[in-house]
Amino acid sequence: MRPGLGSTLKIALGAGIVLACALMALLAPWLAPFDPYDQDLMLRLRPPVWEDRGDWRHPLGTDNYGRDLLSRLIYGSRLSILVGCAAMAVSFVLGSALGMWAGYRGGRSEQVIMRLADAHLAFPEILLAVVVVAALGGSALNLIVVLGVSGWMVFARVAYSQTRSLRERPYVEAARAFGAGDGIIVWQHIWPQLVPVLTVLATLQVARMILQETALSFLGLGVPAPAATWGNILAEGRDRLLVAPWIANLAGIAIILLVWGINMLGNGLRERLDPKAQPIG
Amino acid sequence: MGRYVLRRVTLLPVTFLILAFVIFCILRLTADPILLYLDIDATPEAAAVLRAELHLDKPLAVQFLYFLAELARGDFGVSHVFHQPALPLIGQRLGPTLMLVGAAMAIAVGGGILLGMLCAVRRDRPTDFVISALAVVGQSMPSFWLGILLIQLFALHLGWLPTSGMGGPEHLVLPALTLAAIQLPNFVLVTRTAMLETMGEQFVVTARAKGLRTRRVLFRHVLPNAVTPVLTLLGLQLGLLIGGSIVTESIFAWPGVGRLIISSIFQRDVSVVIAGVFVISLAIMLCNLAVDLLLSALDPRIRRD
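Residues numbered from 1 in each chain as written. Chains lettered and ligands numbered in written order. Predicted model: local features only at pLDDT ≥ 70, side-chain atom pairs only at ≥ 80, totals over all residues. Heavy atoms only, no water.

## Regarding the overall build of chain B
How we decide: Labels follow the DSSP assignment, with helices taken as runs of H or I lasting at least four residues and strands as runs of E lasting at least two, numbered in each case from the N terminus. Whether two residues are in contact is decided by their heavy atoms: any pair within 4.5 Å suffices. Using the Shrake-Rupley algorithm and a 1.4 Å probe, accessible areas are obtained, with residue cover drawn only from the displayed protein chains. In this charge count, Lys and Arg are treated as positive and Asp and Glu as negative; neither His nor the chain ends contribute. Each charge is placed at NZ for Lys, CZ for Arg, CG for Asp and CD for Glu.
Each helix and strand counted, chain B has 12 helices and 2 strands in total. Principal axes of the C-alpha set define a box for chain B whose edges measure 85 × 55 × 30 Å. Across chain B, contacts joining residues at least 24 apart in sequence account for 73% of those joining residues at least 6 apart. Carbon and sulfur atoms make up 67% of the accessible area of chain B, which amounts to about 15000 Å² in all. A distance of 19 Å separates the average location of the 23 positive side-chain charges in chain B from that of its 18 negative side-chain charges.

Take a look at the structure:
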């Protein structure tokens, strides 16, 4: 019926890419042939091995300061993945807690929280990032907080609508009739039902967060240079497009591969969970 | 209708107050705000004078009221780079940004609806498969890399278009395409779904049974009924589009609000940054209001809440 790959293939392919990237980040010190910050001004802007002047010493070439690009890309995956996952965790906790609260309580808290979520949804993350970096400067921690806080409403809306429909189910009524308190009902009867949906959402959100992180780093609003992040490498590559286009392009390929892998995994999981779901990917 | 409009319009000042509060908190509570405005080697006396001038010696609640009053007067302070009030500086840059966002929106919505319709009509055939697959890859594409790829192809290799800056209409092509490309896949996929759903409805079967030509059925019966989800998406994506213009303007050195904000951050010109963020936020709020009112006029079901 739907165009695209079967969910099993999507999950396998996506998980393979994600796993490979995670291993690369974890094993960076052993995988990278050079220190990503080691400059060698005699070997500036070396092309990758498939071009005429390239050699196997620097398989992907070097950047403007003679730093090995392969090593910088390998180390760059660390910050991108770390920031993406940590920011997702922040918005996951914040969003599901508020969403469940709004859905379970109803009334005024529902009004306030969900109106806030709707209003926030209209504002792009980058505005908050701009204000925070202007006031506090850029750092990995600031980036995690900004992206985490900017993503809460995505989780809140899903947690809210699910909780609201679960609240009316007979087994929840039964639990209440048996004298279970609100805490027990939410924790034992509602939360476990939310886990699968929220897991899928969390996977897709990591991809979004990584894209946001690289975009902010690219603008210079992320972790400041000389830190090796994919966004920073791409930004440095932009200034050398004429002489060394491979720097920007290899960083771009790294980003799109990981983000595409995560999206594939998330969409495969979603189709597995709800076969009627429209494929977004 | 009247009640819906009233309720929707009163939401605007509330959103604005929340926005002002959040920015106030970030500016005043995270660090000593004096540091944002003074050099590191300023004397304590100068700091005290500035503190009194900015009302920073008053309680926080009073400071917030002063902050609101300044906002209401459009007084964001003076840029220490340009030695001019911050708001007019942003106002001068608004034109290029609106031009860029408008062009990108037209490409994203127009192209998205056309491609989405094409997918729906050619459902499960190669055309549908290729466009849908491209749309999915497009969703994983970082816009700044797409911009850089376009620069390499059309500006550096082929030499057809300029790499950056603003001038004739040829300068607008690459930035507008880059900005539109972030949103285009979403419009394609949403249009495709909405069209497919509507094409299964009874009134479409009736129209076909009456013997109307396919084109007439598609454009007069299916499209108007499938347009609500597309407009809803537009409302949601407008903010992202306007936010994305900050990135696009930085790639292409487009002299709009976004680029001014980014360069002001690096020059520690906080008043310009804050003025820019407020202007962009206000634009997003007004656009969303417009889309919501348009939607409620087109689709009466929305007014019942």
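Next, the rest of the story.
## Overview of the overall build of chain A
Here is the rule we go by: Note on classification: 1.4 Å probe, protein chains only; a residue is buried when its accessible area is under 20% of the maximum for its type, exposed when over 50%, partly exposed between these limits.
The helix and strand inventory of chain A stands at 11 helices and 0 strands. Reading chain A from its N terminus to its C terminus gives the helix and strand order α-α-α-α-α-α-α-α-α-α-α. In chain A, which comprises 281 residues, the share counted as buried stands at 52%. By sequence separation, contacts in chain A at least 24 residues apart represent 72% of the contacts at least 6 residues apart.

## What about helix α3 (residues 69-105) of chain A?
Put simply, the test is: Any helix carries an expected span of 1.5 Å times its number of residues minus one.
If you check α3 of chain A, its first and last C-alpha atoms are 53 Å apart, about what 37 residues at 1.5 Å a residue would give, namely 54 Å. Within two residues after α3 of chain A, Gly 106 of chain A carries a phi angle of roughly 65°, on the positive side.

## Some remarks on the interface of chain A and chain B
Where we set the bar: Buried area is understood as the total, over both parts, of accessible area removed when two parts are fitted together, assessed with a 1.4 Å probe. Just to be clear on terms, a salt bridge is a Lys or Arg side-chain nitrogen sitting within 4 Å of an Asp or Glu carboxyl oxygen.
At the junction of the two partners, chain A supplies 46 residues and chain B supplies 54 residues. Together, the buried faces of chain A and chain B total about 4100 Å²; carbon and sulfur atoms form 77% of this surface. At the boundary of chain A and chain B, one finds 0 salt bridges. Mapped by element, the contributors of at least two residues to the side of chain A that touches chain B are α4 (107-121), α5 (125-136), α9 (182-219), α10 (230-238) and α11 (245-273) of chain A.

## Focus: the domain arrangement of chain B
Applicable threshold: Domains are outlined according to an automatic or database domain assignment.
You can read the domains of chain B as domain 1 (2-73) and domain 2 (93-267). The gap between the C-alpha centroids of domain 1 of chain B and domain 2 of chain B is 37 Å.

## A few points about the packing of α3 of chain A against helix α6 (residues 140-150) of chain A
All names here are of chain A. The condition is simple: Helix axes are fitted only over the stretch in contact, all axes being lines through C-alpha atoms; the angle between N-to-C directions runs from 0 to 180 degrees. Geometric relationships in this document are graded by angle, where less than 35 degrees denotes roughly parallel, more than 145 denotes roughly antiparallel, 65 to 115 denotes roughly perpendicular, and other angles denote oblique. By convention the crossing between two helices is left-handed if the near helix lies anticlockwise of the far one by an angle smaller than a right angle, and right-handed if it lies clockwise.
In the contact formed by α3 and α6, the axes pass within 7 Å of each other and the chain directions differ by 40°. Relative to α6, the element α3 lies oblique. You can see that α3 and α6 cross each other, and the crossing is right-handed. Two secondary-structure elements touch here, α3 through Leu 79, Val 83, Ala 86, Ala 87, Val 90 and Ser 91 and α6 through Ala 140, Leu 143, Ile 144, Leu 147, Gly 148 and Val 149.

## Some thoughts on the environment of Val 195 of chain A
Take Val 195 of chain A: it is sitting in helix α9. Here Val 195 of chain A falls in the partly exposed class, since its relative accessible area comes to 34%.

## Points about the nonpolar core
What counts is decided by this rule: To define a nonpolar core, start from buried Ala, Val, Leu, Ile, Met, Phe, Trp, Tyr and Cys residues and group those joined through side-chain atoms within 4.5 Å.
Among the nonpolar cores identified, the biggest contains 146 residues, and Leu 234 of chain A together with Ile 23, Phe 67 and Phe 278 of chain B are the most heavily contacted of them. At 16 residues, helix α10 (residues 214-252) of chain B tops the list of elements feeding residues into this core. Residue-level mapping places this core at the junction of two domains, with at least three residues from each of domain 1 (2-73) and domain 2 (93-267) of chain B. Ignoring anything within four residues of it in the chain, the contact list for Phe 278 of chain B reads Phe 16, Leu 19, Ala 20, Ile 23, Phe 67, Leu 71 and Phe 76 of chain B. Among the nonpolar cores identified, the runner-up in size contains 8 residues, and Ile 113, Met 153, Ala 156 and Tyr 160 of chain A belong to it.

## Regarding the environment of Gly 138 of chain A
All names here are of chain A. Structurally, Gly 138 is set in the loop between α5 and α6. Take Gly 138: its relative accessible area is 28%, and that puts it in the partly exposed class. The spacing of Gly 138 and Pro 224 is 86 residues in sequence and 6.2 Å in space, taken between C-alpha atoms. Every residue in contact with Gly 138, bar those within four places of it in the chain, is listed here: Val 133, Leu 221, Gly 222 and Pro 224.

## Details of unusual backbone geometry
All names here are of chain B. Backbone geometry places His 83, a non-glycine residue, at a positive phi of 55°. Following the sequence through the fold, His 83 ends up in the loop between β1 (78-79) and β2 (84-85). Accessibility expressed as a relative area gives 64% for His 83, which makes it exposed. Of note, Ala 253 is a non-glycine position whose phi angle comes to about 50°, a positive value. With respect to the helices and strands, the residue Ala 253 is situated in the loop between α10 and α11 (257-266). What makes Ala 253 partly exposed here is its relative accessible area of 24%.

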